[in-house]
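The lines below spell out each chain.
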Amino acid sequence: MQDNPFSLDGKFIMITGASSGIGREVAIWLSKQGARILAVARDLPRLEETLSLLHGEGHAVEVFDFLNANDIAGWMKRLALTMSPFDGLVHAAGVQSPMPIRAMALDHWEKILATNVTSGFCLIKSFRQKGVYRSPASIVMLSSVMAQVAQPALMGYCASKGAVESMVRAAALELSGEGIRVNAVAPGVVRTEMAEKLKGLVGEDSMAVIERKHPLGLGEPLDVAYAINYLLSPAARWVTGTSLVVDGGYLAE
Ligand SMILES: NC(=O)c1ccc[n+]([C@@H]2O[C@H](COP(=O)([O-])OP(=O)(O)OC[C@H]3O[C@@H](n4cnc5c(N)ncnc54)[C@H](OP(=O)(O)O)[C@@H]3O)[C@@H](O)[C@H]2O)c1
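Residues numbered from 1 in each chain as written. Predicted model: local features only at pLDDT ≥ 70, side-chain atom pairs only at ≥ 80, totals over all residues. Heavy atoms only, no water.

(A) How the structure looks around the packing of helix α3 (residues 72–82) against helix α4 (residues 106–127). Two elements in contact, α3 and α4, have axes separated by 9 Å at closest approach and are oriented at 45°. In this view, α3 runs oblique relative to α4, as classed from their interaxial angle. Here the hand of the crossing between α3 and α4 comes out right-handed. Here α3 contributes I72, A73, W75 and M76 to the contact with α4, which in turn contributes S119, C122, L123, S126 and F127. Class assignment for the residues of the contact of α3 with α4 results in seven nonpolar, two polar and no charged. (Axes fitted to C-alpha atoms, helices over the stretch in contact; angles between N-to-C directions. Helix = DSSP H or I, 4+ residues; strand = E, 2+ residues; numbered from the N terminus. Parallel < 35°, antiparallel > 145°, perpendicular 65-115°, else oblique. Left-handed = near helix turned anticlockwise from the far one by under 90°. Contact = heavy atoms within 4.5 Å. Nonpolar A, V, L, I, M, F, W, Y, C, P; charged D, E, K, R; others polar.)

What follows is the structure, encoded as structure tokens:
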């Protein structure tokens, strides 16, 4: 074990959802810890903004829409061949898309599941291809406290995050022999665009109620980045198949 087991020095890590919120902050923080980052999302100007905020050398951006699930395997293989195999993957791309059940059409439900769950399955499956990863490797998927509890108008989101946590457990068992750990982080409400959109939908008063359910207040993206740093690092070498709750005490009540 190296001197600092929390170090990510020299590791090459793909971060999805890196154009915004948690993914962007994770990219910035991990770059400060010595990691080389491949930042992925759909919006190139915002990815380039993330790139400009990274520390160190050798980072890159990639535009990809995770609704194109069939293309993920070939795309990841090409990236690993042209850049280098990955030491880690953080899947922070996701949507919340609140909608009451009475108004939710099937395509709305399917888009949430495709973005939050099917993309994760394809990324995990693609990551374990020969030549794409370097063992020991670590995958971290973004879950949410909504995997365990619920809020009105979030049935699709809650179902998707429950699926992410189940998927993580199953993948961890199957990939342990290949030197790949698979975990989730489950944040409470974190101050990002996703939380801003939620506030726009439920209103200031309901958001204040949600905030009061967090004994330590709402979280910042950096709070989640620290947890992800741990799960990616050698310090977590005996941790797989679990979900690390980072929620300011939300689930304690
Ligand atoms: N904020 C919270 O309170 C909170 C709490 C618990 C869990 N989480 C989870 O944390 C993750 C990040 O959330 P956030 O708050 O950072 O959200 P955010 O600021 O809205 O960012 C979402 C990211 O996902 C990307 N994305 C969405 N759909 C995509 C697609 N089809 N293909 C590729 N990229 C896509 C977006 O990039 P482009 O638009 O550029 O593609 C963006 O970078 C999500 O999984 C979320 O469920 C958030």
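(B) Structural view of the site of the ligand. Around the ligand there are 29 residues in total, and S20, R42, Y157, V190 and T192 lie nearest to it. Between the ligand and the protein, one listed contact pairs an oxygen atom with a side-chain N or O atom of K161 at 2.9 Å. When isolated, the ligand has an accessible area of 880 Å², and the protein chains bury 93% of it. Listed by contribution, the elements that provide at least two residues to the shell around the ligand are α1 (21–32), α5 (155–175) and α6 (193–202). Classifying every residue of the shell around the ligand by side-chain character gives 14 nonpolar, 10 polar and five charged. (Near = heavy atom within 4 Å. Polar contact = N/O pair within 3.5 Å; in protein donor to acceptor, adjacent residues only side chain to side chain. Areas by Shrake-Rupley, 256 points an atom, 1.4 Å probe, with all protein chains shown as cover.)

(C) Structural context of the pattern of salt bridges. Within this structure, the stated rule accounts for seven salt bridges. Ionic pairing is found between E220 and R191, a salt bridge with its closest N-O pair at 3.1 Å. Of this pair, E220 sits in the loop between α7 (204–212) and α8 (221–232) while R191 sits in the loop between β6 (180–187) and α6, and the two are 29 residues apart along the sequence. A relative accessible area of 37% means that E220 is categorised as partly exposed. Exposure remark for R191: the relative accessible area of 42% places this residue in the partly exposed category. In this structure, a network of salt bridges that share partners links the residues D43, R46 and E193. (Salt bridge = Lys/Arg side-chain N within 4 Å of Asp/Glu carboxyl O. Buried < 20%, exposed > 50% of the residue type's maximum accessible area, 1.4 Å probe, protein only.)

(D) Examining α1 more closely. Over its 12 residues, α1 extends 17 Å from the first C-alpha to the last, a length consistent with the 16 Å expected when each residue adds 1.5 Å. Most of α1 sits inside the fold, with nine of its 12 residues counted as buried. Among the residues of α1, those classed as buried are I22, G23, R24, V26, A27, I28, W29, L30 and S31. On its buried side, α1 packs onto β1 (12–16), β2 (36–41), α2 (44–52), β4 (86–91), β5 (133–142) and α8. (Expected span 1.5 Å × (residues − 1).)

(E) Seen up close, the packing of α6 against α7. At a minimum axis distance of 6 Å, the contact between α6 and α7 shows a crossing angle of 125°. Judged on the interaxial angle alone, α7 and α6 are oblique. Along the contact surface, α6 presents A195, L198, K199 and V202, while α7 presents E204, S206, M207 and I210. Across the contact of α6 with α7, the residue classes tally to five nonpolar, one polar and two charged.

(F) Focus on the nonpolar core. If you look at the biggest cluster of nonpolar residues, it comprises 36 residues, and the most contacted ones within it are M14, W75, F86, F127 and V182. The biggest single contributor to this core is α4, with seven residues. Every residue in contact with V182, bar those within four places of it in the chain, is listed here: I124, I139, V168, A171, A172, L175, T240, G241 and T242. Core analysis: the next-biggest nonpolar cluster, separate from the first, contains 30 residues, I15, A41, V224 and A227 among them. (Core = buried A, V, L, I, M, F, W, Y, C linked by side-chain atoms within 4.5 Å.)

(G) Structural view of the environment of Q33. Along the chain, Q33 turns up in the loop between α1 and β2. Taking the C-alpha atoms as reference points, Q33 and A195, separated by 162 residues in sequence, lie 27 Å from one another.

(H) Spatial organisation of the pairing of strand β3 (residues 60–63). In this sheet, β3 lies alongside β2 in parallel orientation, the contact comprising four bridges. The partner of V40 across the bridge, within β3, is E62. For the crossover that starts at β2, traverses α2 and ends in the parallel β3, the hand is right-handed. (Pairing = 2+ DSSP bridges. Right-handed = clockwise from strand over helix to strand, strands pointing away.)

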